[in-house]
Amino acid sequence: MNQRFILYFSVLLLAAGINACKTQSPTTSGTSVTQSQGVYQYRDEDPTVKPFFSDRVGVTGRNGMVASAHPEASQVGLSILQAGGNAVDAAVAVQFALAVVYPGAGNIGGGGFMVYRDNAGKAYTLDYREKAPGKASQNMYLDSAGNVRQGLSTSGHLASGVPGSVDGMAEAHKRFGKLTWAQVVQPAVDLAAKGFALTERDALGLNRIKTDLNTINPGKSYFLKSTVPTDTITWHKGDLFVQADLAKTMQRIQSQGRAGFYEGETARLLAEEMVRGNGLITEEDLKNYHSAWREPIQAKYKEYNVITMPPTSSGGVALLQMMRFTEPYPLRRWGWNRDSTVQVMIEAERRVYADRAKFLGDPDFVKVPVSQLISPDYLKSRWTDFSWAKATDSRNVKGGSIPGYESLETTHFSVVDKDGNAVSITTTLNGGYGSRVVVGGAGFFMNNEMDDFSVKPGVPNMFGLIGNQANAIAPNKRMLSSMTPTILEKNGKLFMVVGTPGGSTIITSVYQTILNVIEHGMTMQQAVNALKFHHQWLPDKTIFENGAFSDATIQALQNRSYVLEKLTNTLGRMDCVLIRPDGSYEGASDPRADNTARGY
Ligand code: GLY
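The name an unreviewed UniProt entry gives the protein chain is Glutathione hydrolase proenzyme, with Spirosoma profusum as the organism. Reading the Subunit (unreviewed entry) entry of the UniProt record for the protein chain gives the comment "This enzyme consists of two polypeptide chains, which are synthesized in precursor form from a single polypeptide."

See the structure below:
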């Protein structure tokens, strides 16, 4: 984007913000986190509130850092870095390791997005999102009366798009890898063939889906350590988890590259599985799948350059819209999660998700007005109905007007190598364990990503997200995503690698985590530990983690008609890396699950 344009916009918004701050006098109340001379501390004004989920401390390294959802996968990434691999080698190894040790979201049967910044500052993004099968059609999940047939886009064979992960990793490695393909796939082969010890969370996850697994996959024995039927097994922490079929699939990928998945034995097994369950994916679909290198979105926020994912993900556009809506406001002075801070962030989120529903979709099929959506004039026009006195009513917020234009179960990992090359990858099956279809003889879960299309205009998907024609189903089209793998530069140097799972909450978690560091002065780990909130236009309510808001903040927001809902579960599973002023790396992993950072 044109630098003068950015500068002009910043001045414009700053002026608008200062004006807003001058003419209104918002109250601020609650707990704040303050930065003092580079020493990060939080000021606990209300002893009943603790802004952090835990006191976990970040991991420090100088030569490399990997943060992912599973200790085994982070260890694989670290080993690859220590063996002389670069950040892309480690990322490929982590993606495949997660497919073995974290079957709930790690995958070869799904897809994802990679943001890569090399140590010379050149940025790339790779879209390896799934595609609708060639036989898919716009109304495939509707009955003859035009009503949505519940469950078809979320569970079973018809819910799957054509997987992109293996092609994505092959592309990334071909272009940037340093070690051999065999070397980077080997850890996943070993983990599947020899097994690994389940964590307590791994065991709980497998036990939780037992019934579904048996209903959807009758008579199959896939990742079992024995021939005992799945429904009679209760998994425990420490059990050795061996996946013999998956090991063979990984070996085919290792020896044949992309063809080991999209052609031959694996493709045949996958297509046969689809026929068994009336799914649509054919061997032809697999052969035709290719990931896409796309121009990254890059835009300024203060002294930072934000490098993020363009469509097919909505994440990058939405993140920048939010950041720019609130850039003019003195968030740092107001304090972390004070009522004024939260109010402007909620109002930004409300408008951004309305735009997401209207404009965003696969850029290979629809024209997505990316530069307009993040432009100064457009954002200014979207903010005119903001009022300090009262929450904007989402019923009165529609997607903006541009002339000429009509589960938590994903996973993210961040890698930085010794030379400062950085990778930010978010990858998913969509829901936990995807469609819960395991490909017979190949041992991996298929995605249920078709639910990320708008199956019918205005009908919410599993994340409550609404879409329209831009995200309607069409053969070979990619479904819209919220995944937001992002890298920030500060004064031209690598500064932060960030991302999270969380369906529709991904974008707002990334937004808050970035602001926690650059506005509120937290360390990377504190920013990850910090409690979070989320608003997505519709439904018109703000959900928040227990403790994220003080009683005073809650009261102040409720006085202005905000509907607040305290969660019993959590938001985000962030895995991030921050480059400290002395050049060392701070690896931050989310204490809300098994996430682990490993560095050296
Ligand atoms: N499947 C969640 C997302 O892509 O946003």
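## Points about the overall build of the protein chain
On a plain count of helices and strands, the protein chain comes out with 19 helices and 21 strands. Taken over 600 residues, the protein chain has a buried fraction of 66%. Of the accessible surface of the protein chain, which amounts to about 20,800 Å², a share of 51% is contributed by carbon and sulfur atoms.

## Thoughts on the confidence of the model for the protein chain
Chain-level statistics for the protein chain give a pLDDT mean of 91 and a share of 89% at 70 or above. In this model, residues 1-25 is a region of pLDDT below 50 whose contacts with residues beyond four sequence positions or in other chains number 29 contacts.

## Structural notes on the site of the ligand
Close to the ligand lie Arg129, Asn430, Glu449, Asp452, Phe463, Ser481, Ser482 and Met483, which account for all nearby residues. In this structure, Ser481 approaches the ligand through a side-chain N or O atom, which is 2.7 Å from an oxygen atom. One nitrogen or oxygen atom from the main chain of Ser482 is found 2.7 Å from an oxygen atom belonging to the ligand. The fraction of the free accessible surface of the ligand (200 Å²) that becomes covered by protein chains is 99%. Of the pockets mapped on this structure, the ligand occupies the second largest cavity. Taken together, the residues of the shell around the ligand break down into 2 nonpolar, 3 polar and 3 charged.

## Section: the nonpolar core
Ranked by internal contacts, the top residues of the largest apolar core, which has 92 residues, are Met496, Ile514, Ile518 and Met524. Ranked by residue count, the leading element in this core is helix H14 (residues 339-359), at 10 residues. Formed by 77 residues, the second largest nonpolar core is a distinct cluster that contains Ala170, Ala172, Tyr289 and Val438.

## Examining the packing of H14 against helix H19 (residues 551-559)
One way to put it is that H14 packs onto H19 with a least axis distance of 9 Å and a crossing angle of 50 degrees. With respect to each other, H14 and H19 are oriented oblique. In this structure, H14 crosses over H19, and the sense of that crossing is right-handed. Counted together, Asp339, Val342 and Gln343 of H14 and Thr553, Ala556 and Leu557 of H19 form the full contact between these two elements.

## Digging into the sheet that holds strand S16 (residues 533-534)
If you walk across this open sheet you meet the 3 strands as S16-S17-S18, and the pairing is mixed. Pairing within the sheet leaves two strands with one partner each, and these edge strands are S16 and strand S18 (564-566).

## Overview of the pairing of strand S15 (residues 493-498)
By the criterion of burial, S15 is predominantly enclosed, with 5 of the 6 residues buried. Examined bridge by bridge, strand S14 (residues 486-490) and S15 share 5 bridges and lie antiparallel to one another. Within S15, the position partnered with Thr486 by the bridge is Val498. As consecutive antiparallel partners, S14 and S15 are separated by 2 residues, and within that stretch Asn491 has a phi angle of approximately 50 degrees, a positive value. In this sheet, strand S19 (residues 575-579) lies alongside S15 in antiparallel orientation, the contact comprising 2 bridges. Within S19, the position partnered with Met496 by the bridge is Leu578.

## Regarding the layout of surface pockets
If you add up the space inside the largest pocket, you get close to 720 Å³. Looking at the largest pocket, it is lined by 36 residues, and the ones nearest its centre are Phe495, Leu578, Ile579, Arg580 and Pro581. Taken together, the elements giving at least two residues each to the lining of the largest pocket come down to S15, helix H17 (506-518), helix H18 (524-529), S19 and strand S20 (585-589). Class assignment for the residues of the lining of the largest pocket results in 13 nonpolar, 12 polar and 11 charged.

## Re the UniProt feature "binding site: L-glutamate" (unreviewed entry) in the protein chain
According to UniProt, the positions carrying the feature "binding site: L-glutamate" (unreviewed entry) are Arg129, Thr428, Leu429, Asn430, Asp452, Ser481, Ser482 and Gly503. The annotated residues named above include Asp452 as those lining the largest cavity. Along the polypeptide, Arg129 turns up in the loop between strand S6 (123-128) and helix H4 (165-176). The exposure class of Arg129 is buried, given its relative accessible area of 0%.

## Observations regarding the packing of aromatic side chains
One pass over the full model with this rule turns up 22 aromatic pairs. Each ring, one from Phe533 and one from Phe549, has its centre 5.3 Å from the other, and the planes form 50 degrees; the classification is tilted. One end of the pair, Phe533, is in strand S16; the other, Phe549, is in the loop between strand S17 (542-544) and H19, and 16 residues separate them in sequence. On the basis of relative accessible area, Phe533 is assigned to the buried category, the value being 0%. With a relative accessible area of 3%, Phe549 lands in the buried category. An aromatic cluster of three or more residues is present, and its members are Phe325, Tyr329, Trp334, Trp383, Phe386 and Trp388. The side chain of Lys122 reaches across the aromatic face of Tyr124, ending 5.1 Å from its centre. When the ring centre of Tyr262 is taken as reference, the NZ or CZ atom of Arg258 above it lies at 4.5 Å.

Thresholds, definitions, all that
Residues numbered from 1 in each chain as written. Predicted model: local features only at pLDDT ≥ 70, side-chain atom pairs only at ≥ 80, totals over all residues. Heavy atoms only, no water. UniProt positions renumbered as here; feature names shortened; annotations may be inferred. Helix = DSSP H or I, 4+ residues; strand = E, 2+ residues; numbered from the N terminus. Buried < 20%, exposed > 50% of the residue type's maximum accessible area, 1.4 Å probe, protein only. Areas by Shrake-Rupley, 256 points an atom, 1.4 Å probe, with all protein chains shown as cover. pLDDT = per-residue confidence, 0-100. Contact = heavy atoms within 4.5 Å. Near = heavy atom within 4 Å. Polar contact = N/O pair within 3.5 Å; in protein donor to acceptor, adjacent residues only side chain to side chain. 1 Å grid on protein atoms, 1.4 Å probe; cavity = no way out; pocket = protein on both sides within 12 Å on 5 of 7 lines; lining within 4 Å. Sits in = over half its atoms within 2 Å of the grid points. Nonpolar A, V, L, I, M, F, W, Y, C, P; charged D, E, K, R; others polar. Core = buried A, V, L, I, M, F, W, Y, C linked by side-chain atoms within 4.5 Å. Axes fitted to C-alpha atoms, helices over the stretch in contact; angles between N-to-C directions. Parallel < 35°, antiparallel > 145°, perpendicular 65-115°, else oblique. Left-handed = near helix turned anticlockwise from the far one by under 90°. Pairing = 2+ DSSP bridges. Points joined across faces, edges and corners; volume = space filled by probe spheres on them. Phe/Tyr/Trp six-rings, centres within 6.5 Å; stacked < 30°, edge-to-face > 60°. Lys NZ or Arg CZ within 6 Å of the ring centre and 35° of its normal.

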